[in-house]
Amino acid sequence: MINLIHDRFNFANPLLYRYIPRDGELCDKLVSYIGLDILQMLGKIVPEVISPRICSLESKLRDIATTNKQKQISKRVDGQVVGVISINTLFNGYLNRLNERRRRIDKLSLEFNVAESIRNDRLSDLSYFLISAFSIEANIANDVRHHFRSEIGEFSHKEFGEQRVGSSTMPHKMNPVEYENIVGLWKSYFPKISSFIMAQITEHQGDSTNSFLPSGVFELAVALSYSTKSLENSLGNLKINV
């Protein structure tokens, strides 16, 4: 299956070989898109994968907030403790931010069979709100992984597989690598947003320098699709130690 995806999509190697194979549902969806052009695929992956996955992640955040509403953890500003914050407040904050981005994404036009300048505007708009949702997910993952730190210890895994090791030098450590991967993916795609926005500048009535835009936004959409599901699964294994 991954060979079929490789033959059709020119994704960056880590996304193709490291992350997508972990997500069987996403693999199946990408294979089902083979035969469509890139704009048709982009018009399908947003309502069929991204929006439902973000909605499911919102439910997970709501569950964590509700289940742990009486619990409090340390509130930090610039790494320094400045009081406490409830799990309910923290995770409902994430939920509200993510919900707003999803609603914005759902309102965008995914009709790309229009004049090039209008198409590029729509692709740029979509790329912005995709990376905005991705940024919130990376914010969640980054906050969670810091609470795993041994000197804090407020979060940990419910289960940590016997085959997993922390590092080559400290195999006993239970590093939150699943959250670190999400932050790493976000860091690799965030810088591309400027190029996507710049594609709104079209020379005359057509500009071949913008030909990268559809495939670039689609790759971002796939990365966000993976990240959203990975974050939901990781939060399902989150233990709050307070």
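One can find the structure itself at the top, above this paragraph.
Presented here is a report on the structure given in the accompanying data block. (Residues numbered from 1 in each chain as written. Predicted model: local features only at pLDDT ≥ 70, side-chain atom pairs only at ≥ 80, totals over all residues. Heavy atoms only, no water.)

## Section: the overall build of the protein chain
Counting secondary structure elements, the protein chain contains nine helices and four strands. Scanning the protein chain from its N terminus toward the C terminus, one meets helices and strands in the order α-α-α-α-β-β-α-α-β-α-α-α-β. Out of the 242 residues in the protein chain, the part that is buried amounts to 43%. Taking all contacts inside the protein chain whose residues are at least 6 apart in sequence as the whole, residues at least 24 apart take part in 72%. (Helix = DSSP H or I, 4+ residues; strand = E, 2+ residues; numbered from the N terminus. Buried < 20%, exposed > 50% of the residue type's maximum accessible area, 1.4 Å probe, protein only. Contact = heavy atoms within 4.5 Å.)

## What to know about the nonpolar core
Residues F91 and L235 are the most contacted members of the largest nonpolar core, which totals 62 residues. Those residues within four positions of L235 in sequence are excluded, and the remaining contacts are L57, K60, L61, I64, F91, V144 and Y179. (Core = buried A, V, L, I, M, F, W, Y, C linked by side-chain atoms within 4.5 Å.)

## Overview of the environment of S74
Along the polypeptide, S74 turns up in strand β1 (residues 72-77). Along the sequence, S74 and I152 sit 78 residues apart, while their C-alpha atoms lie 8.9 Å from each other. Beyond its immediate stretch of four places on either side in the chain, S74 contacts V81, G83, V84, I85, H147 and E154. Here the side chain of S74 touches E154 through a polar contact of 3.0 Å, side chain to side chain. (Polar contact = N/O pair within 3.5 Å; in protein donor to acceptor, adjacent residues only side chain to side chain.)

## Considering the layout of surface pockets
In this model, the largest pocket occupies a volume close to 330 Å³. Where the lining of the largest pocket is concerned, the elements lending two or more residues are β1, α5 (87-107) and α6 (116-147). In terms of residue class, the lining of the largest pocket is made up of five nonpolar, five polar and six charged. (1 Å grid on protein atoms, 1.4 Å probe; cavity = no way out; pocket = protein on both sides within 12 Å on 5 of 7 lines; lining within 4 Å. Points joined across faces, edges and corners; volume = space filled by probe spheres on them. Nonpolar A, V, L, I, M, F, W, Y, C, P; charged D, E, K, R; others polar.)

## With respect to the side chain of S225
With respect to the secondary-structure elements, S225 resides in helix α9 (residues 213-235). When its relative accessible area of 0% is taken as the criterion, S225 is described as buried. Those residues within four positions of S225 in sequence are excluded, and the remaining contacts are L26, I45, V49, I50 and R53.

## Focus: the pairing of β1
Bridging between β1 and strand β2 (residues 80-86) involves five bridges; their strand directions are antiparallel. Bridge pairing in β2 places I73 opposite I85. (Pairing = 2+ DSSP bridges.)

## What to know about the environment of K44
With respect to the helices and strands, the residue K44 is situated in helix α4 (residues 38-67). Overall, the relative accessible area of 31% leaves K44 in the partly exposed class. It is 8.6 Å that separates the C-alpha atoms of K44 and Y33, two residues lying eleven residues apart in sequence.

## Examining the packing of α4 against α9
The N-to-C vectors of α4 and α9 enclose an angle of 25 degrees; their axes lie 9 Å apart at closest approach. If you check the angle between α4 and α9, you find them roughly parallel. Pair α4 / α9 crosses with left-handed handedness. Of the residues contributing to the contact of α4 with α9, the split by class is 20 nonpolar, four polar and four charged. (Axes fitted to C-alpha atoms, helices over the stretch in contact; angles between N-to-C directions. Parallel < 35°, antiparallel > 145°, perpendicular 65-115°, else oblique. Left-handed = near helix turned anticlockwise from the far one by under 90°.)

## A short note on the pattern of salt bridges
Across all of its chains, the model carries nine salt bridges by this definition. We note a salt bridge from E58 to R102, for which the minimum N-O separation is 2.6 Å. In this pair, E58 sits in helix α4 while R102 sits in helix α5, placing the two residues 44 residues apart along the sequence. A single burial state applies to E58 and to R102, both of which are buried. Three or more residues are tied together by salt bridges with common partners; here these are D23, E25 and R53. (Salt bridge = Lys/Arg side-chain N within 4 Å of Asp/Glu carboxyl O.)

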